[in-house]
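Secondary and tertiary structure notes
Take a look at the letters that make up each chain.
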Amino acid sequence: MRITNTMITRNTKSNINLNKTYVDKYNTQMTSQKKISKASENPVIAIRSLRLSTSLSHLEQYKSNIEDATSWLDVTQTALKNMKDLLTDVRTQCVNGSTDTLNADDRKTILKNLQELADQIYAEGNSDYTGRTIFTGYRTTENLTFDKDESKTSYKIDQNFSYEDIKEHRYVTGDVKVPAEVDANTADCDTNVDYTYAKRLRLAYDGTDTLDNLTYTFTDAAGKETTADLTSYMYSTTDQNGNTAIVTANIVEYQNEEEWLAASQAAGYDKKTIESNQIIYIKDTGELILNDDLANSLISDKASIQTTYNKTGFEKGELRPEYYYNCVDQSDPAKPIAYTKENQEISYEISNATSLVVNTQASDVFDMNILRDINELIDIVQKSINAHTKVDDIKEMMTQSKYAGDEELTAKLQTYLDAAQKEADYADDNIQKTYEQYIGNFNGYLDDVNIGIANVGSTEVRLTMTQTRVENQTTTVTELKSQNEDRDISDIIIDYYASYYAYQASLTAAGKINQTSLLDYI
């Protein structure tokens, strides 16, 4: 085959250009320290790099989610621990009040402490993380409690009870009215102070309005479930004469306990009384008071009780009902807002196909009865303080000179003193027994919070384990990505100089070839 100069020149140019391409390639690698600069150079490396980059991106997002979830859990745990401290303080006051040796200073101290605790008891429920409240489910822009007094806000609330919620409660009759002074026209004190023991169901709120629904549900021996109006529930009762009868209850509504007492007195009783066929609904206190026979029958049947009631007006710091019950905000009758109580889980994706629920709902840790219990404890100790103040006032009156030596006036004052002392004794006894009973209540509330703290702790442990795994995976994928894409600088330098010298050699060879012409052969 005849090789011409043109062929030699063309091949020489091609080889020079190829060597120049290698020089440029390794020069680029020296700058970027990457094996390839575009996918066409090595599709296998490019595809593997893309996959590893995607995996690394996911892992980085998981790490970000884990950090966010950890912060959320830290805020939750802090709030729950603060709530635990508050409940422990209330329980301590219950223990202090359950003793029978309280003096005036003790009662005032308990009252002051409980009033302070009542103001902040649900404040932890409004804890937030980066502007998102942590105990309110999906409604993270709303607080758990009412931010201010709302006198016109109105809700219709569905609240269900278990038979275990039926508890005995003491109602005191008798409030001694101490006159400013006693004279010949002042009558003897005829105030009767007494207890009424009754079973009750306490609604979540006081200051309630109408009661729209009161039904019961129970399962009979055959396994058949029955739901009906509680006024159709038939039970056996025994009257004062020992006669037994089967009756159904009627609901009697009173605005307050004073109306209940007045009705009892009108019926011939000297204290608050519940008839055998009555269910008494006290609006102001939000209580359903049951006859003992009815209560015992419901407990025996292990019945559940369903109520629907209305409440208008809420105080600052009260829990909003939509986080606890099915309810309707009917503040604007033209635009009612219905809420359904449901499990609202906020979760983070923390690894491949693994999500972690981080939120704790208020209804799981902040019982609606906490504030109701505290307010009752405050009311009970306040009544005791008031009763002892009456006793002190009467004793002080008896030392005044205008009553000295006047046996008639002194005798009248003594009737007031006896009644006031009995009221004070009953109030002290009510403190001791109620506070002792409520120790158990607050043990239960503390158990709920402790379970919440334990759940958060176990979630944090799981999160920490996942974080360690994700960090290890990130390190592994980063190394694989580097192995796939990166070149060692020393290898690049060797290849660069090899290609560079080859390029220089090709230029030199080309120069030699191009120096030969046809004249050299003549």
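For the structure, see preceding data.
As a starting point, this report considers the structure included with it. Everything numeric in this text was worked out from a predicted model, so none of it was measured.

**Quick notes on the packing of helix 2 (residues 43-97) against helix 8 (residues 407-485)**
Between helix 2 and helix 8, whose axes approach to 7 Å, the crossing angle comes to 165°. Between helix 2 and helix 8, the angle is such that the two are roughly antiparallel. The crossing of helix 2 and helix 8 is left-handed. Partitioning the contact of helix 2 with helix 8 into residue classes produces 28 nonpolar, 21 polar and ten charged.

**Remarks on helix 1 (residues 5-32)**
Spanning 28 residues, helix 1 covers 40 Å between terminal C-alpha atoms, matching the ideal 40 Å at 1.5 Å per step. For helix 1, the full list of buried residues reads Met7, Thr12, Ile16, Asn19, Val23, Tyr26 and Gln29.

**Structural notes on helix 3 (residues 104-120)**
The terminal C-alpha atoms of helix 3 lie 25 Å apart, and with 17 residues this matches the ideal 24 Å at 1.5 Å per residue to within 8%. Those residues of helix 3 not exposed but buried are Arg107, Ile110, Leu111, Leu114, Leu117 and Ala118. Buried positions in helix 3, seen along its axis, are confined to an arc of 135° and lie on one side of it. Looking at helix 3, the residues exposed on the side facing more than 90 degrees away from the buried face are Asp105, Lys108, Lys112 and Asp119. Those residues of helix 3 that are buried lie in contact with helix 2, helix 7 (369-398) and helix 8. Two or three places before aspartate 105, at the start of helix 3, stands the capping residue asparagine 103, its side-chain oxygen 3.1 Å from that residue's backbone nitrogen.

**Concerning the pattern of salt bridges**
The full count for this structure, using the stated rule, is 24 salt bridges. The partner of aspartate 175 in a salt bridge is lysine 390, with the nearest N and O atoms 2.3 Å apart. One end of the pair, aspartate 175, is in the loop between strand 4 (167-173) and strand 5 (194-202); the other, lysine 390, is in helix 7, with 215 residues separating them in the sequence. Under the relative-accessibility criterion, lysine 390 is labelled buried at 13%.

**So, the pairing of strand 10 (residues 250-254)**
Two strands pair when backbone bridges link them, and strand 10 and strand 11 (residues 278-282) are joined in this way by five bridges, in the parallel orientation. In the sheet register, glutamate 253 faces strand 11, and the bridge partner there is tyrosine 281. Handedness of the crossover joining strand 10 and strand 11 through helix 4 (residues 257-266) is recorded here as right-handed.

**Quick notes on the nonpolar core**
Soluble globular proteins tend to pack their nonpolar side chains together in the buried interior. Among the nonpolar cores identified, the biggest contains 92 residues, and Met83, Leu87, Ile121, Tyr324, Phe366, Ile370 and Phe442 are the most heavily contacted of them. Element by element, the count of residues in this core is highest for helix 2, at 15 residues.

**Let's talk about the pairing of strand 6 (residues 208-219)**
The pairing of strand 6 with strand 13 (residues 304-314) spans seven bridges and is classified as antiparallel. Looking across to strand 13, one finds that tyrosine 216 is bridged to isoleucine 305. Pairing of strand 6 with strand 7 (residues 225-229) involves five bridges; the strand directions are antiparallel. Note that in strand 7 the partner of threonine 217 across the bridge is threonine 227. Turn length for the strand 6-strand 7 hairpin, with the two strands adjacent in sequence and antiparallel, is five residues, and the turn residue glycine 223 shows positive phi of about 85°.

**A few points about the sheet that holds strand 12 (residues 287-290)**
Spatially, the five strands line up as an open sheet ordered 4-5-12-11-10, and their pairing is mixed. Only two strands of the sheet have a single partner each, and these edge strands are strand 4 and strand 10. Pairs of neighbouring strands in the sheet enclose a mean axial angle of 40°, with direction left out of account. Here helix 8 sits on the sheet in contact with strand 4 and strand 5, set at roughly 30° to strand 5.

**Observations regarding the packing of aromatic side chains**
For the structure shown, the criterion picks out 13 aromatic pairs. Taken together, a centroid distance of 6.2 Å and an interplanar angle of 70° make the contact between tryptophan 72 and tyrosine 129 edge-to-face. With a gap of 57 residues between them, tryptophan 72 in helix 2 and tyrosine 129 in strand 1 (residues 128-129) connect regions that are remote in the sequence. Judged by relative accessible area, tryptophan 72 falls into the buried class, the value being 0%. Relative accessible area serves as the criterion here: at 14%, tyrosine 129 is assigned to the buried category. Summarising the aromatic geometry, the rings of tyrosine 216 and tyrosine 233 are spaced 4.8 Å apart at their centres and angled 75° between planes, so their arrangement reads as edge-to-face. You can see tyrosine 216 sitting in strand 6 and its partner tyrosine 233 sitting in the loop between strand 7 and strand 8 (234-238), a full 17 residues away along the chain.

So, how was this worked out
- Residues numbered from 1 in each chain as written.
- Predicted model: local features only at pLDDT ≥ 70, side-chain atom pairs only at ≥ 80, totals over all residues.
- Heavy atoms only, no water.
- Axes fitted to C-alpha atoms, helices over the stretch in contact; angles between N-to-C directions.
- Helix = DSSP H or I, 4+ residues; strand = E, 2+ residues; numbered from the N terminus.
- Parallel < 35°, antiparallel > 145°, perpendicular 65-115°, else oblique.
- Left-handed = near helix turned anticlockwise from the far one by under 90°.
- Nonpolar A, V, L, I, M, F, W, Y, C, P; charged D, E, K, R; others polar.
- Expected span 1.5 Å × (residues − 1).
- Buried < 20%, exposed > 50% of the residue type's maximum accessible area, 1.4 Å probe, protein only.
- Arc of directions from axis to C-beta.
- Contact = heavy atoms within 4.5 Å.
- Polar contact = N/O pair within 3.5 Å; in protein donor to acceptor, adjacent residues only side chain to side chain.
- Salt bridge = Lys/Arg side-chain N within 4 Å of Asp/Glu carboxyl O.
- Pairing = 2+ DSSP bridges.
- Right-handed = clockwise from strand over helix to strand, strands pointing away.
- Core = buried A, V, L, I, M, F, W, Y, C linked by side-chain atoms within 4.5 Å.
- Phe/Tyr/Trp six-rings, centres within 6.5 Å; stacked < 30°, edge-to-face > 60°.

Just geometry here; none of it tells us what the structure is for.
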